[in-house]
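For reference, the chains in residue letters:
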Amino acid sequence: MFVQFFGGFLLNKGVVSTKQLIDAMKKESTAHIQLGTLAMHASLMNAEQIEDVRIAQTHTDKRFGELCVDKGYLTEEQVNELLAAQYPKYLLLGQILEEQGVFDQETFQSLVKEYISENSIAEEDLPLEDGETVLSLVKDYCSDLVSTNKEYQLEYLQLLLNNLIRFIGGDFTLLRPVIRSTSYPTQKFAAQKVTGSYPLVSILDMSEETAIQFASRYVSEEFTSFDEYVRASMEDFLNLHNGLFNVNISNSYSDELGLEPPVSGEKQAIAGGAHMYIFPALFPFGVVNIVISEM
């Protein structure tokens, strides 16, 4: 889940534009992590050495790893270990942005170190994306947000990110949350009420074209127009997520929450509650707004 936060970090730092990030995310599914990226991340090679090997590749028909061994930058054992090791998914995003000329290897490594430092992440935890580390990222992301129940808010958001990755795709960047003090003007939306000790209205809102692509991914079927099937897909995703949230709260806190049937519509202003927040997820096909209004 780090890559979803890392993209937002790059946008907030102003080192990439929204278009550059979207272009990079579109290429992620077909791109492959390069050995040089892995070696630099592992602090086994620096940018000058990697460039030296790349130049050498233009003069001889040898693999990158072979040339690293020939030049004494890496051993054969190190090459094999790097190729077999797990790696943080944001490395591929950074590699694509570097290939696009957005920044160089050294700048990328500096940004990674800043990201790790700001979020107090242990580097050895990055490939694993364990629950505690992800929860820490979610806490930092929500640090400026108040809530009627902070624990439940964090549970809700962490599960939401997981469900977006599971059912829609991991190629999104989580943008900064937006605090609303007035009603929320929707585009195409699905909404559902959670009742009980943590009452809220959750809204899934996006443009018409984004909704078509969202639904197409959710049901693995190509939709070409906004119709009842697209609306039903948005409602079903929201109902699935909120149902899982209620189950998790029951299992973790022995607290039984209720759930009303989802509804859908368009261009309606939905009144806010005690706290209303918008969590925008930037996908290559558009922005999906998740709105949580705590009552």
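Residues numbered from 1 in each chain as written. Predicted model: local features only at pLDDT ≥ 70, side-chain atom pairs only at ≥ 80, totals over all residues. Heavy atoms only, no water.

**So, unusual backbone geometry**
Okay, step 1: In this structure, Ser-220 is a non-glycine residue whose phi angle is positive, near 55°.
Okay, step 2: Given a relative accessible area of 68%, Ser-220 falls into the exposed group.
Okay, step 3: Positive phi outside glycine occurs at Lys-267, with the angle close to 50°.
Okay, step 4: Tracing the sequence through the fold places Lys-267 in the loop between strand 7 (263–266) and strand 8 (269–270). (Buried < 20%, exposed > 50% of the residue type's maximum accessible area, 1.4 Å probe, protein only. Helix = DSSP H or I, 4+ residues; strand = E, 2+ residues; numbered from the N terminus.)

**Points about the environment of Ser-250**
Okay, step 1: Mapped onto the fold, Ser-250 is located in helix 12 (residues 228–253).
Okay, step 2: As for Ser-250 and Thr-107, which are separated by 143 residues in sequence, their C-alpha atoms are 46 Å apart.
Okay, step 3: With residues near it in sequence (within four places) discarded, Ser-250 still touches Asp-255 and Glu-256. (Contact = heavy atoms within 4.5 Å.)

**So, the packing of helix 2 (residues 18–28) against helix 7 (residues 90–99)**
Okay, step 1: One can describe the packing of helix 2 onto helix 7 by two numbers: an axis separation of 9 Å at closest approach and a directional angle of 120°. Handedness of the crossing formed by helix 2 with helix 7: right-handed. Across from Gln-20, Leu-21, Ala-24, Met-25, Lys-27 and Glu-28 in helix 2, the residues of helix 7 making contact are Leu-92, Leu-93, Ile-96 and Leu-97.
Okay, step 2: Along the lines of polarity and charge, the residues of the contact of helix 2 with helix 7 split into seven nonpolar, one polar and two charged. (Axes fitted to C-alpha atoms, helices over the stretch in contact; angles between N-to-C directions. Left-handed = near helix turned anticlockwise from the far one by under 90°. Nonpolar A, V, L, I, M, F, W, Y, C, P; charged D, E, K, R; others polar.)

**Concerning helix 10 (residues 150–167)**
An α-helical segment advances 3.6 residues per turn. Residues three or four places apart therefore align on the same side.
Okay, step 1: The end-to-end C-alpha distance of helix 10, which contains 18 residues, comes to 26 Å, matching closely the 26 Å that a straight helix rising 1.5 Å per residue would cover.
Okay, step 2: Buried within helix 10 we find Tyr-152, Gln-153, Leu-154, Tyr-156, Leu-157, Gln-158, Leu-159, Leu-160, Leu-161, Asn-163 and Leu-164.
Okay, step 3: You can read the cap of helix 10 off the contacts: a side-chain oxygen lies 3.3 Å from the backbone nitrogen of Glu-151, and it is on Asn-149. (Expected span 1.5 Å × (residues − 1). Polar contact = N/O pair within 3.5 Å; in protein donor to acceptor, adjacent residues only side chain to side chain.)

**Section: the pairing of strand 10 (residues 286–294)**
Okay, step 1: Of all nine residues in strand 10, eight are buried; the element is thus mostly enclosed.
Okay, step 2: In the sheet, strand 5 (residues 200–206) pairs with strand 10 via six bridges, with the strands oriented antiparallel. Residue pairing in the sheet places Leu-200 in a bridge with Glu-294 of strand 10.
Okay, step 3: Both strand 9 (residues 275–283) and strand 10 contribute to a ladder of nine bridges, which runs antiparallel. Bridge assignment links Leu-282 to a residue of strand 10, and that residue is Val-287.
Okay, step 4: In sequence, strand 9 turns back onto strand 10 through a hairpin of two residues. (Pairing = 2+ DSSP bridges.)

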